[in-house]
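# Breakdown of the fold
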Amino acid sequence: MKKNVLLVGGLHKAMSLAQSLLNKGYAVTVINDNYNDCMTLASIEDLEVIFGDGTKPFVLEEADGENMDIAIALTNKDDDNLVICELCKKKFHVKKTVALVRDPQKTRFFYQMGIDSVVCAINAITGIIEQQAFIDEMTNIISVEDGRVNILELKIGHHMPSVNKKLWEIDLPSEAIIGYILRNDQGIVPRGDTRILAGDTLIVICDQYVQQTVTKELTGR
Amino acid sequence: MMEFYKKLENKRIVIMGCGRLGANLADYLYEQGHEVIVVDSDEDAFRKLSASYGGLTFISDATELETFDKLEIDEQTTMIVVTDSDNTNILISQVAREVYHVKTIICRLYDPQRECVYDEFHIDTICPTYLSVHRIEDILKERGA
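Below you will find a few notes about this structure.

Quick notes on the rules
The residue numbering used here restarts from 1 in each chain and proceeds along that chain's sequence as written. Written order decides the labels, with chains lettered from A and ligands numbered from 1. Where totals are concerned, whole chains, interfaces and linings use all residues; where local detail is concerned, this predicted model gives features only for residues with pLDDT of at least 70, and gives and counts side-chain atom pairs only at 80 or more. Where side-chain values are given, they derive from all heavy atoms of the structure, hydrogens and water being excluded. Of the grid points, spaced at 1 Å and generated over the protein atoms alone, those admitting a 1.4 Å probe that cannot get out make up cavities, while open sets with protein on both sides within 12 Å along at least five of seven lines make up pockets; any residue with an atom within 4 Å of a point is treated as lining. Grid points are joined across faces, edges and corners, and a volume is the space filled by probe spheres set on the points. Numbered from the N terminus, helices here are DSSP runs of H or I no shorter than four residues, and strands are runs of E no shorter than two. Here, expected helix span is obtained from the residue count minus one, scaled by 1.5 Å. Throughout this description, buried means an accessible area under 20% of the type-specific maximum (1.4 Å probe, protein chains only), exposed means over 50%, and partly exposed covers the range between. To obtain the arc, one takes the directions from the helix axis to the C-beta atoms. By definition, residues are in contact when any of their heavy atoms lie within 4.5 Å. Here the nonpolar core consists of buried residues drawn from Ala, Val, Leu, Ile, Met, Phe, Trp, Tyr and Cys, with membership extended through side-chain atoms lying within 4.5 Å. For two strands to be treated as a pair, DSSP must find at least two bridges joining them. Angular values range over 0 to 180 degrees, each being the angle between N-to-C directions of two axes fitted as lines to C-alpha atoms, with helices fitted over their stretch in contact. One side-chain nitrogen of Lys or Arg within 4 Å of one carboxyl oxygen of Asp or Glu is enough to make a salt bridge.

## Structural notes on the layout of surface pockets
Its volume calculated, the second largest pocket comes out at about 600 Å³. Together, 30 residues line the second largest pocket, and Ser41, Thr83, Asp84, Ser85 and Thr88 of chain B are the ones closest to its centre. Where the lining of the second largest pocket is concerned, the elements lending two or more residues are α4 (78-90) of chain A together with α2 (20-31), β2 (35-40) and α4 (86-98) of chain B.

Here it is in structure tokens:
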């Protein structure tokens, strides 16, 4: 059985998302309330396009809301996205709802309202920019749980304080763990007595608050 | 103006949206002697208020949490949500209930089909369509139709 995905609103986001989901074998339906946008969207093969206001229950019904596995609200308005997801969840019992939110302050509120996944474009983009800007200091940071938890990739050089130390000798905060060590293209799952060598790449999982401490402890910066 | 507002000790009535309904309500409630503040993102909207309105006005986007904080909204506030968009009204009401725990919220919804999203929040909704239907029904009955 193909999984059914419903995308509501958004033109460029909906287009690229629809294309990528179709390639992965999902059945995709889009709803858009602009007729010209609908025509553009309809140029994608196999994509079902519905012209209408996705915040209205009867439009969602027409889109077969009952049988959707995932609903994604991509409009530019936070209130519309909230209502779309709430209708999908409460009226049509869609298993998973995803909402785009513009105002980062509302992320928590959206989760509180029972939306399964809330994506804040501004947070995501500033996160990426920050990462790019400080690329020298940290090779890579991946944020999960809305930035509460970070996964860091740290390259260890000769002069760094953690070189040639065993893991238990390093004073890491309890909110952080070294989860993996990459050494000469080989992966090591570290234990307390594993020694860190120059040239290692450490994958560290930590709370965002201790990220500075962790980086300082391991790389000295 | 906000300093003055913060000094008010009586129950505050906050009206979100200064359309025809919002403006009329503000006029009426003010005349009844309530402490009223009307919020709208468009300054021109306040022209709809009558010349004798002596309550407060506040230019701000009611969907921003900042607005709620500035208005010092709390459990005791009475909130009337009457912007021209159903979705905006739903968002404002739910923020008021879930984040600020406002007890009394009255909200206008044009589309009765959207009411289901409210069910578990116990927010009072007013639907002009239903009200009109009932009223017309009553008139018809009076006339013996």
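## Re helix α1 (residues 12-23) of chain A
All names here are of chain A. Between its terminal C-alpha atoms α1 stretches 17 Å, which fits the 16 Å expected from twelve residues at 1.5 Å a residue. Regarding α1, the residues found buried are Ala14, Ala18, Leu21 and Leu22. The buried residues of α1 occupy an angular sector of 95 degrees when projected down its axis, which confines them to one face. Exposed side of α1, more than 90 degrees from the buried face: His12 and Asn23 are the residues found there. At its buried positions, α1 is contacted by β1 (4-8), β2 (27-32) and α2 (35-41). Trailing α1 by a residue or two, Gly25 shows a phi angle of about 90 degrees, which is positive.

## Details of the nonpolar core
Leu6 and Phe110 of chain A together with Met16, Phe68 and Met79 of chain B are the most contacted members of the largest nonpolar core, which totals 54 residues. With near-sequence residues (within four places) excluded, Phe110 of chain A lies in contact with Asp78, Leu82, Ala99, Val101, Ile115 and Val118 of chain A together with Leu91 of chain B. Counting residues in each nonpolar core, the second largest holds 18 residues, with Leu152, Ile170, Ile178 and Val204 of chain A among its members.

## Observations concerning the sheet that holds β2 of chain B
All names here are of chain B. In spatial order, the strands read β3-β2-β1-β4-β5-β6; together these six strands make up an open sheet with parallel pairing. The two strands at the open ends of the sheet, each matched to only one other strand, are β3 (56-59) and β6 (124-126). Mean inter-strand twist for the sheet, computed between neighbouring axes without regard to direction, equals 20 degrees. On the sheet, α2 packs against β1 (12-16), β2, β4 (78-81) and β5 (104-108) and is oriented at approximately 165 degrees with respect to β1.

## Let's talk about the pattern of salt bridges
All names here are of chain A. Under the counting rule described, the total for this entry stands at nine salt bridges over all chains. Across the pair Lys90 and Glu86 runs a salt bridge whose closest N-O atoms are separated by 3.7 Å. Note that Lys90 and Glu86 are positioned in helix α4 at a spacing of four residues, about one turn of the helix. Judged by relative accessible area, which is 1%, Glu86 ranks as buried. Here Asp200 makes a salt bridge to Arg183, at a shortest N to O gap of 2.8 Å. Of this pair, Asp200 sits in the loop between β10 (186-188) and β11 (201-207) while Arg183 sits in strand β9 (residues 176-183), placing them 17 residues apart in sequence. The same class applies to Asp200 as to Arg183, namely buried.

No statement about biological role is implied by the geometric values presented.
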